[in-house]
Amino acid sequence: MTPDEARQELLRLRASIDNLDAALVHLLAERFKCTEQVGRLKASAGMPPADPDRESIQIARLRGLSESSGLDPVFAEKFLNVIIAEVIQNHRQFLDE
């Protein structure tokens, strides 16, 4: 492969990465819209912001999806833990409102 061909391939791959990053951001935004509704519902019903049983189920489910997709399940779990922590923090704010 020539340097010019490599540069063209690099541009193509980076464009795909940019598109995937945009899709991830949009999906996360949609997910947080749903979890906001969950948090408001929990707060209005006097339910706790965290649900450790649900979190465990979600982590196991995501690990399985990761393994079947060829993604490192340890990485996927770390990623989900960041999301869960943010969701719980948001849910706690709804209790204060």
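Owing to the predicted nature of the structure, the values given are computational and were not obtained by experimental measurement. (Residues numbered from 1 in each chain as written. Predicted model: local features only at pLDDT ≥ 70, side-chain atom pairs only at ≥ 80, totals over all residues. Heavy atoms only, no water.)

**A closer look at the overall build of the protein chain**
Secondary structure summary: the protein chain contains three helices and zero strands in total. Oriented by its inertia axes, the alpha-carbon framework of the protein chain measures out at about 65 × 25 × 15 Å. Sorting the 97 residues of the protein chain into buried and exposed places 18% on the buried side. Considering only intrachain contacts with a sequence separation of at least 6, the fraction spanning at least 24 residues in the protein chain is 64%. Accessible surface for the protein chain amounts to roughly 7400 Å². Of this, 61% is attributable to carbon and sulfur atoms. (Helix = DSSP H or I, 4+ residues; strand = E, 2+ residues; numbered from the N terminus. Buried < 20%, exposed > 50% of the residue type's maximum accessible area, 1.4 Å probe, protein only. Contact = heavy atoms within 4.5 Å. Areas by Shrake-Rupley, 256 points an atom, 1.4 Å probe, with all protein chains shown as cover.)

**Some details on the pattern of salt bridges**
With the rule as written, the count across this model stands at five salt bridges. Lys33 is the partner of Glu30 in a salt bridge, and the nearest nitrogen-oxygen pair spans 3.1 Å. Taken together, the residues span about one helical turn, with Glu30 and Lys33 both in helix 1 (residues 3-44) at a distance of three residues. On the basis of relative accessibility, which here comes to 46%, the residue Lys33 falls in the partly exposed class. A salt bridge links Arg40 to Glu36, with the shortest nitrogen-to-oxygen separation between them at 3.1 Å. Of this pair, Arg40 and Glu36 both sit in helix 1, four residues apart, which is roughly one turn of that helix. Relative accessible area serves as the criterion here: at 34%, Glu36 is assigned to the partly exposed category. (Salt bridge = Lys/Arg side-chain N within 4 Å of Asp/Glu carboxyl O.)

**What about a nonpolar patch on the surface?**
Together, Leu71, Phe75 and Phe79 line one region of the surface with nonpolar side chains, adding up to about 280 Å² of accessible area. Note on placement: Phe79 falls in helix 3 (residues 73-96). (Patch = residues over 30% accessible without salt bridge, like charges linked within 9 Å, V, L, I, M, F, W, Y side chains within 5 Å.)

**Comments concerning the environment of Ala76**
Relative to the elements of secondary structure, Ala76 occurs in helix 3. The sequence separation of Ala76 and Ser66 amounts to ten residues, and the corresponding C-alpha distance is 6.6 Å. Apart from residues lying up to four places away in sequence, Ala76 is in contact with Leu62, Ser66 and Leu71.

**Concerning the side chain of Glu55**
Turning to its location among the elements, Glu55 is positioned in helix 2 (residues 52-69). At 6.3 Å, Lys42 is the nearest oppositely charged side chain to Glu55, a buried residue that forms no salt bridge. (Lys, Arg positive; Asp, Glu negative; His and termini not counted.)

Any functional reading would require information that these geometric values do not contain.
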